[in-house]
Amino acid sequence: AVARVWPEAEVHIYGSELTGLCLPSSDLDMTVLGVQDKSTRPLHTLAGELRQSGLVSYLQVIDQAKVPIIKLVHERGMVAVDMS
C-alpha cells in the first residue's frame, strides 16, 4: 500500500522485532521514510489506501499523539502493527 501511494518511500521495521526481543504476542513497529509532508495528512492518506486494499481487519489513525501512528491488524496473519 505504501508503494502505491509513495513509490519513493521506504518502510523500515524497528523495535522488538528488529532487536530479536519480540514475543509471539508482540506487535510489529514500522515507519515510513521518504514522505515529504510532515503533517498528519499522510497518515490519513495511507489509512485510506489500507482500508481499500482489504488487507486490514482493524485500523485506527491516532493523529493527536506525540508520535502520530496508524494502529492496524493485518487480515491474513492477524499481526498487530503500529506504523508511523
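Residues numbered from 1 in each chain as written. Predicted model: local features only at pLDDT ≥ 70, side-chain atom pairs only at ≥ 80, totals over all residues. Heavy atoms only, no water.

A.B. asks: Which residues make up the sheet that holds strand β4 (residues 69-74), and what are the values?
C.D. replies: The mixed open sheet is built from five strands, whose spatial order is β1-β2-β5-β4-β3. Only two strands of the sheet have a single neighbouring strand rather than two, namely β1 (10-14) and β3 (56-62). Averaged over neighbouring strand pairs, the angle between their axes works out to 25 degrees when direction is ignored. One ladder, built from five bridges, connects β1 with strand β2 (residues 28-33); its direction is antiparallel. Residue pairing across strands places Y14 opposite D29, the latter belonging to β2. Running over the sheet, helix α3 (residues 41-53) touches β2, β3, β4 and β5 (80-83) and is turned about 170 degrees from β3. (Pairing = 2+ DSSP bridges. Helix = DSSP H or I, 4+ residues; strand = E, 2+ residues; numbered from the N terminus. Axes fitted to C-alpha atoms, helices over the stretch in contact; angles between N-to-C directions. Contact = heavy atoms within 4.5 Å.)

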